[in-house]
Each structure stands twice: as C-alpha cells, then as structure tokens.
Amino acid sequence: MSPSLDLNVASGTTEPRYNETPPFHPAARFPELPFSDVSSSPNPAYALLRQLWLDLGLDGAHAVTSAWNPFGDFIQPGDTVLLKPNFVTSRNISGDDLFAVVTHPSVLRSLVDYTYLALKGRGRIVIADAPDMGCEWNVLMAAQHLDTIQKYYRERFNFSVEVYDLRNFAMRDPHQPAYHSNRFALTGDPAGHTFINLGQRSAFHELPSANYYGADYDRAETIRHHHGDIHEYCIANTFLAADVVISVPKMKVHKKVGVTLNIKGLVGLNTNKNCLIHYRIGTPLSHGDQLPDGRPVADQIHIRVQRWLNDHALARRSPTGEAIYAIFRSIYRNCIKPFRALSHDTLALDGGNWYGNDSAWRMATDLAKIFYFADRHGNLKSSRQRRMFCVVDGIIAGENEGPLAPSSKACGCLVAGVNPLAVDIVTSRLMGFDFRLIKQFSILNDSHWDFGFSDPLSLDINMNGRAVPALDYFSSEWISPITAFIPHPGWRGQIELEPSGRIS
C-alpha cells in the first residue's frame, strides 16, 4: 500500500438521488467490470465512486482499461473483506427518509463489485453490523434489498456475499419499553466474539466509574466492564479475522459526539451494548455529563426517580422488576405527566445529548484503537493490524436530530480514502464543522498511537478531481460545495466553523 495514499482523501458531488432498482447495477458499462448488466435507472452514486477511485489514483497505470483493478493495492485474492455499513436502525424516528440514517445499498453494491474484482473470485465478502437493539432487522433488510445482490452474485458468479446481524439480542416491539420479556436472543456473530481490555490505554482510565451509563439499562454490567484497570469491549470476531475492512458510514450529525462517521460508527463492531459507555450520570458539578448544570429541581427529582427505576427494576431482568416499572410508568403517565412533564430543554439534552458529553467520545476513540491496532486474537499492537478503506455516504445525509431522527439533507456527496480518521476530519469540515471542536478527533494528540498522521494540514485532499491545499480547505474562507449542516440542538453554536480566518 502506498504510504502517500494513506493521507489522500477524495470527495465529490453528484445528483442527490440513489438508484432504486435492485440489485443496483451501474447505469453504464465499464470495461474493468466482469459483467455487462446495466440498470435502466440512473445510478449516480456508482459513477461518482468510480470517479473517486480515479481521483485517488488507485491503480493509475491501468485506469479505465479492462485491466483496471482499483482495489488491487489493498485487497488480494483469498482475502476476507468486511463491508461495515451504518445499519443502526430500521426507521427514521422523525418520519423522514430512512436513508438519511443508514447506508444505501447502491453504495454497497459498487463496493461489492470492486472488491470481487480485486479478489478475482477467491475469498469472502461479508456485510455486517450490530444495530441498535430496537432495529427490526427484517424491516431493514426489506428496505436494503441486499438479498438481490446476494442472488445476483450467487447466480452470475457462483459466489456468496454474506450478510450478518452481529447483535446477541433484539427487541420484539421497539415501540415498547425494553423489558427483558420484550427481547429475544439472536445468534450474533457466527464467528463469536472476543473481549478486548484496553486497560490503562483506555480514554476512561482513572475516571470514577460509579456513575457510568451504557447503551442498556444494566449499569452494573457496564461498570463490570469498566472499572480500575479494566476497560473492555466485546468485539465481533468476524471483524478481527478480516484481512480488509471497508467502512461505509452515513454522513450525519450525532447527539452525543457531534458527528457520526467512521470512528463513531465503530460501535457496530461491539456486540454487547453494555460495554459502551454513553454518558455519566449527573451534571458536571457532580462529575457527570448527563445534563448541563442548572436543571430545575423538579426535573432533577424526575430524573433521579427514573434512574432508580432503571437500576432497581428494569436492570433486574425479571417479571417482578418489570411489574414495578410498569406500575410507576402508569402512575406517571396518568397522574403526573398531564400536569408536569420534563422541561423541553431537559428532555432534549437528557442522556448526554449535548456538547458537554465527556464520555461518548472516549468510547469512540477506544474503539478506534481496537479498529486500528487489535490483532486477530484481540491483542493490541503498536502498528496497524489490517488494511482498510472507507466511503462516507452523503448522497442523502442527516442533520438536526441525529443520529436516529435526523432531517434528510440532499447533498449528493461521497468522501473516500484509505484512512478512516483522516476521512472523518475532512468530512466534518465539508459539513461546516471545526474538527478542533469535536473531541473524538483529539485522539491525534495522543503520541502513543500512530494513526498514520498527526496533523490534518498534512492531508492530500482532492475535491471533485481538483487538489485543494489542506490549509485552505480547513480555513473558514473555503466554501464547501454543500450547505452547512444543522447540528443536533444540544450542539448548536459549539462546533460550527467560525468565520474568523485560517487554521495555522
């Protein structure tokens, strides 16, 4: 792999629409592809991705000839290649476009094609993610139509494209509370999982653990995974065993970390949600980041009662605990909520959904360390352990109430590169944000880890086929081809790029 390519990021814009005709063939014949099937509908994402391979200089010696193999530098015949999309949920809670939330299958189809080309028919292609526990996998797959891609490859090439839900459980009815009785077990990763302990190398090391809150109700389990010198994550073995990982996140804002792209999207490699610290209970004055200081007293009482019920009722995972919770829930709905609900501000920010969240970004950077440096057995090494590539899907992006209820934003934009962290920083600027104000990117300041670069001003950036000096790109004077994103309400006025001059 060319060292210079590690720092090369290409971005381009096209018509802000997806091909909606499964199995999402390209709309034109390309000489390098091993098939001549074309879609009757436009497929702008496919054409733009192919152009990005050219802009990145992938296999430039054979460009646009029948011998062109753009992924040949980092995918070899016989490899196992994991395509890791953003499959977080099966619906946009706001009622807006689902594909403002999750990766579109037409983008995945292009990556499958060029991966297969590089494999020369020998190896594995796996599409896998661990969505939110409320994701209805069958509903999501019906919207994705990945089965049509699988069928095409099986019938046309006698090749299996594998698709996995990596979760170990899901909710029966996502519209109801996450009672233990409202859950069912899943087989999870067919290759199993590995607990990886970052220990003192975790971003949580030396923080008090008593107020950690994870992605589920059982805080005791979260604390078992995060205390003292133990800071462990439950990582899918399908990821650890992959020779190449292609990350394909959605371009959108996030209520707990500002933006969710490649790095935050790594939560989909962790199969036990209680290993993921989302926030710390309380306000900054009490060493928490659940909410800002200064909440109304009535709101504070409400939140403490809710927390007690979570810890002592739902976390018991028993019919008795669920019955206790249901009684209090009924009392609240019928006797309290009609007269006094949480203030709008508290409701919007509760759960660490604001710029003062000092926990979720730490979880994201811990996962980045595992992504880059954990070997096949889960041991952390000093050098990068797998080949990687990434494409950010911003054809239709998500702003405002991200990540689960965003407003759709038609951008017609894709960003690609070999270094996921570099791509995230470049994409954040494209969205109108100052990467220096987004805490997950502070991992570059940790000299213990070599992510391939330490200064974003060293990046080679290609925009629509034209080189853009990094110093110019990251300045407030550079005009993005897409309009600035609206951050989550808890982040407004905190991460937007100020019109105050150049970065130095």
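Note: the structure precedes this text.
Residues numbered from 1 in each chain as written. Predicted model: local features only at pLDDT ≥ 70, side-chain atom pairs only at ≥ 80, totals over all residues. Heavy atoms only, no water.

Right, let's talk about the packing of aromatic side chains for a bit. By the definition in use, this model includes 32 aromatic pairs. Ring geometry for Tyr152 against Phe157: centres 6.2 Å apart, planes inclined by 85°, an arrangement best described as edge-to-face. Residue classification places Phe157 among the buried residues on the basis of a relative accessible area of 17%. Aromatic rings pair up to connect Phe30, Tyr46, Trp53, Trp68, Phe71, Phe74, Tyr114 and Phe389 into one cluster. Lys409 extends its terminal NZ or CZ atom over the ring of Phe485, reaching a point 5.2 Å from the ring centre. (Phe/Tyr/Trp six-rings, centres within 6.5 Å; stacked < 30°, edge-to-face > 60°. Buried < 20%, exposed > 50% of the residue type's maximum accessible area, 1.4 Å probe, protein only. Lys NZ or Arg CZ within 6 Å of the ring centre and 35° of its normal.)

Once that is clear, we can look at a nonpolar patch on the surface. Nonpolar side chains collect at one region of the surface, where Val297, Ile301 and Val305 lie side by side and expose about 270 Å² of accessible area between them. Looking at Val305, the relative accessible area reads 40%, which means it is partly exposed. (Patch = residues over 30% accessible without salt bridge, like charges linked within 9 Å, V, L, I, M, F, W, Y side chains within 5 Å. Areas by Shrake-Rupley, 256 points an atom, 1.4 Å probe, with all protein chains shown as cover. Salt bridge = Lys/Arg side-chain N within 4 Å of Asp/Glu carboxyl O.)

With antiparallel pairing, the three strands of this open sheet are ordered in space as 7-10-9. In the strand order of this sheet, the two ends are held by strand 7 (193–197) and strand 9 (226–227), each with one partner. Across two bridges, strand 9 lies against strand 10 (residues 230–236) in antiparallel orientation. From the neighbouring strand, His227 faces strand 10, where its bridge partner is Ile230. Most of the contacts of helix 10 (residues 360–373) go to strand 10, to which it runs at about 60°, and overall it touches strand 7 and strand 10. (Pairing = 2+ DSSP bridges. Helix = DSSP H or I, 4+ residues; strand = E, 2+ residues; numbered from the N terminus. Contact = heavy atoms within 4.5 Å. Axes fitted to C-alpha atoms, helices over the stretch in contact; angles between N-to-C directions.)

On any regular strand, side chains alternate: one points to one face of the sheet, the next to the other face. Judged by how many residues are buried, strand 16 (residues 407–417) sits mostly within the fold: eight of eleven residues are covered. Pairing between strand 1 (residues 8–13) and strand 16: five bridges, direction antiparallel. Paired with Val9 across the bridge in strand 16 is Gly417. Pairing geometry for strand 15 (residues 387–399) and strand 16, over nine bridges, is antiparallel. Within strand 16, the position partnered with Val392 by the bridge is Val415.

Mapped onto the fold, Gly134 is located in the loop between strand 3 (124–129) and helix 3 (137–144). Measuring from C-alpha to C-alpha, the distance between Gly134 and His278 comes to 17 Å, with 144 residues separating the pair along the chain. In this structure, Gly134 is in contact with Ser90, Arg167, Met171 and Pro174, ignoring residues within four places of it in sequence.

In this section: the packing of helix 2 (residues 105–119) against helix 4 (residues 146–157). Where helix 2 contacts helix 4, the two axes come as close as 10 Å, and the packing angle between them is 25°. If you check the angle between helix 2 and helix 4, you find them roughly parallel. The handedness of the crossing between helix 2 and helix 4 is right-handed. Two secondary-structure elements touch here, helix 2 through Pro105, Leu108, Arg109, Val112, Asp113 and Tyr116 and helix 4 through Leu146, Ile149, Tyr152, Tyr153 and Phe157. Looking at side-chain class alone, the contact of helix 2 with helix 4 contains nine nonpolar, no polar and two charged residues. (Parallel < 35°, antiparallel > 145°, perpendicular 65-115°, else oblique. Left-handed = near helix turned anticlockwise from the far one by under 90°. Nonpolar A, V, L, I, M, F, W, Y, C, P; charged D, E, K, R; others polar.)

Tallied over the full model, the rule gives 19 salt bridges. Between Asp358 and Arg362 there is a salt bridge; the shortest N-O distance is 2.9 Å. Residue Arg362 is classed as buried on the basis of its relative accessible area, which comes to 14%. Where Asp434 meets Arg436, a salt bridge forms, and the shortest distance between an N and an O atom there is 2.7 Å. The exposure class of Asp434 is buried, given its relative accessible area of 6%. When salt bridges with common partners are traced through the structure, they connect Arg280, Asp289, Asp358, Arg362 and Lys439 into a single cluster.

A separate point is the nonpolar core. By size, the foremost hydrophobic cluster in this structure holds 74 residues, and its most contacted members are Tyr233 and Met251. Of all the elements, helix 10 adds the most residues to this core, at eight residues. Ranked by size, the runner-up nonpolar core spans 59 residues in total, among them Ile125, Cys135, Phe157 and Phe159. (Core = buried A, V, L, I, M, F, W, Y, C linked by side-chain atoms within 4.5 Å.)

Here we come to unusual backbone geometry. A cis amide bond links Pro22 with the next residue in sequence, Pro23, at an omega value of 5°. Residue Pro403 follows Gly402 across a cis peptide bond; omega there is 15°. Following the sequence through the fold, Pro403 ends up in the loop between strand 15 and strand 16. Of note, the phi angle at Asp59 is positive, near 50°, even though the residue is not glycine. Structurally, Asp59 is set in the loop between helix 1 (44–55) and strand 2 (80–85).

Looking now at the state of the cysteines. Summed over all chains, the structure comprises zero disulfides. The thiol sulfur of Cys390 is not disulfide-bonded, and the nearest other cysteine sulfur, from Cys413, lies at 13 Å. Cys390 gets classed as buried once you look at its relative accessible area, which sits at 0%. Considering cysteine sulfurs only, Cys413 is the nearest to Cys411, which forms no disulfide, with 6.6 Å between them. (Disulfide = S-S within 2.5 Å.)

A few words on the side chain of Thr103. The residue Thr103 is located in the loop between strand 2 and helix 2 in this model. In this view, Thr103 contacts Pro85, Asn86, Phe87, Leu108, Gln144, Val248, Pro249, Lys250 and Asp393; residues no more than four positions away in its chain are not counted.

The next point concerns the pairing of strand 11 (residues 244–248). Burial of strand 11 is extensive: five of the five residues sit out of reach of the surface. Where strand 2 and strand 11 come together, five bridges link them in parallel fashion. Counted as the bridge partner of Leu83 is Ile246 from strand 11. As judged from the four bridges shared by strand 11 and strand 15, these two strands associate in the parallel manner. Of the residues in strand 15, the one forming a bridge with Val245 is Met388.

The subject of this paragraph is helix 2. For helix 2, built from 15 residues, the straight-helix expectation of 21 Å at 1.5 Å per residue is met to within 8% by its first-to-last C-alpha distance of 20 Å. Trailing helix 2 by a residue or two, Lys120 shows a phi angle of about 55°, which is positive. (Expected span 1.5 Å × (residues − 1).)

To continue, consider the side chain of Thr115. Along the chain, the position of Thr115 falls in helix 2. Of note is the side chain of Thr115, whose polar atom sits 2.7 Å from the backbone oxygen of Leu111. In this view, Thr115 contacts Phe71, Ile75, Val81, Leu83, Ile125 and Ile246; residues no more than four positions away in its chain are not counted. (Polar contact = N/O pair within 3.5 Å; in protein donor to acceptor, adjacent residues only side chain to side chain.)

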